[in-house]
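Breakdown of the fold
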Amino acid sequence: MRHGDARALEDLYDRYAPTLHAVALKILGRRDLADDAVQQTWIQAWRQAGRFKDGRGSVLGWLVMMVRSRALDLRRRQQTRSRLETDAASEPSSRSPAGHSADPVDAASTAQRRAAIRGALEALDPRMRSVIERAFFGGQTQREIAATQDVPLGTVKTWTRRGLDALRGLLPKGGEA
Amino acid sequence: MTHDHDTFLDLCAGEALGSLDAAERARLAELVASSPARREELAAYRELASTLAEGLEPSAPSSHVKAAVLAAIADGGEASTPERAAEASREPGRLRLVRTWQWAAAACLLLALGLGALWMGARSDARRDLRDAEVRHSQERERLVADLETARAANTTLRDEYETAMQLLGSAQARVATLEATANGSAATAGRIVVDPRTGRTVVVLPQLDAPTDRDYQLWSIRAEEGQDPVIRSLGLVTRSATGATILVLDTMAGGELPQEIAMSLERKGGASTSSAPEGPVVAAAVLP
């Protein structure tokens, strides 16, 4: 994709679009808006592919951060708009990735990794998990979390780092889950 | 681990989750600018945060999204390739400078327009938020005032009942009768009655009564003149007072006459269909002295 190969983008799309859409859906709660966020993300990724640097993280990590950012932007715009007009009917339900022609072995491996990540999240201290999810999916700053949870900012910072460190320890090494 | 490094790692974790404020982000940028090792630590946290996405149930985008993406990139959504980046960096200095100024001017204009729009939007939002808050505040105040009035009324009723009961119990003329359970009743339906013969004010105390949820107890005043049919009159349903106890203050005088007896029956929910005779079994009765 860094060399302008549209087929490479298509391959990456088939592989990662369901994960990116899940992130957008989690943040936005509406399929139509999640679709918009995913579409914007892939176009942005195509335009900025030259900036991606090997060794600074995975392609998926890069794309996830991008879609999260797009989704939070869309949500902020949507919240502003919804003050002025009645919100359209929402469709919060998730849809299985139909048409995603994943290799069965690949799919099984992905499902196993997903289960491992969920298990690790479940094993976290609920306060740390809450802070992580509020920040990552809720788009709240640490100050906002401290205010809404009525805890000192320093505590939120500690829970954030300890939560991520604990998550690192709970996840299988080398992404072999 | 030094305090500084500890702080740095806190910043990395916050940045990875996108939860730092502008000042913290600037501080972090400063810290990683000169240290490849720190950049790696930050990258590791970012990578860790991105695994949160992999824990979600995958969700397929609508089928038109892929087509729209492919159409957009075919229609001029040029990828920024390393080759193009290198080409850009080889542009003659003057041309690059002109382009830089053009971009800077355009950016300034856009920034000014954006800030203006944001300022206007923020003012409008703030006014709307203020109006909404005022409406909510007003509604909440009205609700609280209504609740307070209800509580005051209940309190007044309770105080009146209490004072009446105390006056009656302390009256030298008060007469006491026992409300005895009948064959249809039980110890729970027994109680005590205190009546002031001058006013007809009567206190009925039923210390153990526990009404079933689908039935109601009802009190009756009975007066019989010789040679005539007894006159029966409903004194109303037995309800718990605000204190939860079953202590009733009733006005039993009718036509200047006190009842000779008071009875209690177990009726369907809401009481007997007529106020002149019980329909359910009589569970307790008292003969007034």
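Up top you'll find the structure we're talking about.
In this report, we go over the structure that sits alongside the text.

Cut-offs applied
- Residues numbered from 1 in each chain as written.
- Chains lettered and ligands numbered in written order.
- Predicted model: local features only at pLDDT ≥ 70, side-chain atom pairs only at ≥ 80, totals over all residues.
- Heavy atoms only, no water.
- Helix = DSSP H or I, 4+ residues; strand = E, 2+ residues; numbered from the N terminus.
- Buried < 20%, exposed > 50% of the residue type's maximum accessible area, 1.4 Å probe, protein only.
- Contact = heavy atoms within 4.5 Å.
- Phe/Tyr/Trp six-rings, centres within 6.5 Å; stacked < 30°, edge-to-face > 60°.
- Lys NZ or Arg CZ within 6 Å of the ring centre and 35° of its normal.
- Core = buried A, V, L, I, M, F, W, Y, C linked by side-chain atoms within 4.5 Å.
- Axes fitted to C-alpha atoms, helices over the stretch in contact; angles between N-to-C directions.
- Parallel < 35°, antiparallel > 145°, perpendicular 65-115°, else oblique.
- Left-handed = near helix turned anticlockwise from the far one by under 90°.
- Nonpolar A, V, L, I, M, F, W, Y, C, P; charged D, E, K, R; others polar.
- Expected span 1.5 Å × (residues − 1).
- Salt bridge = Lys/Arg side-chain N within 4 Å of Asp/Glu carboxyl O.

**A look at the overall build of chain A**
- Along chain A, the regular secondary structure elements total seven helices and zero strands.
- N-terminal to C-terminal, the α/β element order of chain A is α-α-α-α-α-α-α.
- Per-residue burial for chain A yields a buried fraction of 41% across its 177 residues.
- In chain A, the proportion of contacts linking residues at least 24 apart, taken out of those at least 6 apart, comes to 68%.

**Examining the side chain of Arg114 of chain A**
- Turning to its location among the elements, Arg114 of chain A is positioned in helix 4 (residues 104–123).
- Classification of Arg114 of chain A as buried rests on a relative accessible area of 13%.
- Here Arg114 of chain A is in contact with Glu54, Gly55, Leu56, Glu57 and Pro58 of chain B, once residues within four sequence places are set aside.

**Focus: the environment of Leu164 of chain A**
- Mapped onto the fold, Leu164 of chain A is located in helix 7 (residues 153–170).
- Exposure remark for Leu164 of chain A: the relative accessible area of 0% places this residue in the buried category.
- The spatial distance from the C-alpha of Leu164 of chain A to the C-alpha of Leu124 of chain A is 9.3 Å, given a sequence separation of 40 residues.
- The residues contacting Leu164 of chain A, other than those within four sequence positions of it, are Ile132 of chain A together with Ala13, Ala16, Leu17, Tyr45 and Leu48 of chain B.

**Things to note about the packing of aromatic side chains**
- Applying the stated criterion across every chain, the model contains two aromatic pairs over all chains.
- A ring pair is formed by Tyr13 of chain A and Trp42 of chain A, whose centres lie 5.4 Å apart and whose planes are at 45 degrees; its orientation type is tilted. Placement of Tyr13 of chain A in helix 1 (residues 6–28) and of Trp42 of chain A in helix 2 (residues 31–47) is noted, with a sequence separation of 29 residues between them.
- For the ring pair Phe136 of chain A and Phe137 of chain A, a centre distance of 5.1 Å and an interplane angle of 85 degrees mean the geometry is edge-to-face.
- With a relative accessible area of 0%, Phe136 of chain A lands in the buried category.
- When its relative accessible area of 7% is taken as the criterion, Phe137 of chain A is described as buried.
- Lying over the aromatic face of Phe137 of chain A, Lys26 of chain A brings its terminal NZ or CZ to 5.4 Å of the ring centre.
- The side chain of Arg168 of chain A reaches across the aromatic face of Tyr45 of chain B, ending 4.7 Å from its centre.

**Remarks on the nonpolar core**
- Judged by nonpolar contacts, the single largest core of 67 residues is most densely connected at Trp42 and Leu164 of chain A.
- Examining the composition of this core, we find that eleven residues originate from one element, helix 1 of chain A, more than from any other.
- When near neighbours in sequence (up to four residues on either side) are disregarded, Trp42 of chain A contacts Leu9, Leu12, Tyr13, Tyr16, Ala17, Leu20 and Leu63 of chain A together with Val69 of chain B.
- Counting residues in each nonpolar core, the second largest holds 21 residues, with Leu219, Leu235, Ile262 and Val283 of chain B among its members.

**Examining unusual backbone geometry**
- The residue Asp150 of chain A is not glycine, and still its phi comes out positive at about 55 degrees.
- Summarising the element assignment, Asp150 of chain A is placed in the loop between helix 6 (142–149) and helix 7.

**Here's the deal with the environment of Pro172 of chain A**
Residue and element names in this part refer to chain A.
- Its location among the elements puts Pro172 in the segment after helix 7.
- Here Pro172 falls in the partly exposed class, since its relative accessible area comes to 28%.
- For the pair Pro172 and Ile117, spaced 55 residues apart in sequence, the C-alpha separation works out to 8.7 Å.

**What about the packing of helix 5 (residues 126–136) of chain A against helix 6 of chain A?**
Residue and element names in this part refer to chain A.
- Contact geometry for helix 5 and helix 6: axes closest at 10 Å, N-to-C directions at 125 degrees. In terms of their interaxial angle, helix 5 and helix 6 are classed as oblique. Judged by the twist between their axes, the crossing of helix 5 over helix 6 is right-handed. Residues Ser130, Val131, Arg134 and Ala135 of helix 5 form the contact with helix 6, whose participating residues are Ile145, Thr148 and Gln149.
- Split into classes, the residues belonging to the contact of helix 5 with helix 6 amount to three nonpolar, three polar and one charged.

**Some remarks on helix 7 of chain A**
- For helix 7 of chain A, built from 18 residues, the straight-helix expectation of 26 Å at 1.5 Å per residue is met to within 8% by its first-to-last C-alpha distance of 25 Å.
- Among the residues of helix 7 of chain A, those classed as buried are Val156, Lys157, Trp159, Thr160, Arg161, Gly163, Leu164 and Leu167 of chain A.

**Section: the side chain of Thr41 of chain A**
Residues and elements named next belong to chain A.
- Within the element layout of this structure, Thr41 appears in helix 2.
- A relative accessible area of 0% places Thr41 in the buried class.
- If we skip the residues at most four places from it in the chain, Thr41 touches Leu20, Leu63, Met66, Val67 and Arg70.

**Structural notes on the pattern of salt bridges**
- Enumeration according to the criterion identifies 21 salt bridges over all chains in this entry.
- For the salt bridge of Arg118 of chain A with Glu57 of chain B, the shortest nitrogen-to-oxygen distance reads 3.0 Å. Of this pair, Arg118 of chain A sits in helix 4 while Glu57 of chain B sits in the loop between helix 3 (36–54) and helix 4 (63–74), each in a different chain.
- Given a relative accessible area of 36%, Arg118 of chain A falls into the partly exposed group.
- One network of salt bridges, with partners in common, ties together Arg161, Asp165 and Arg168 of chain A together with Asp6 and Asp10 of chain B.

Everything listed here is a matter of coordinates, which is why it stays silent on function.
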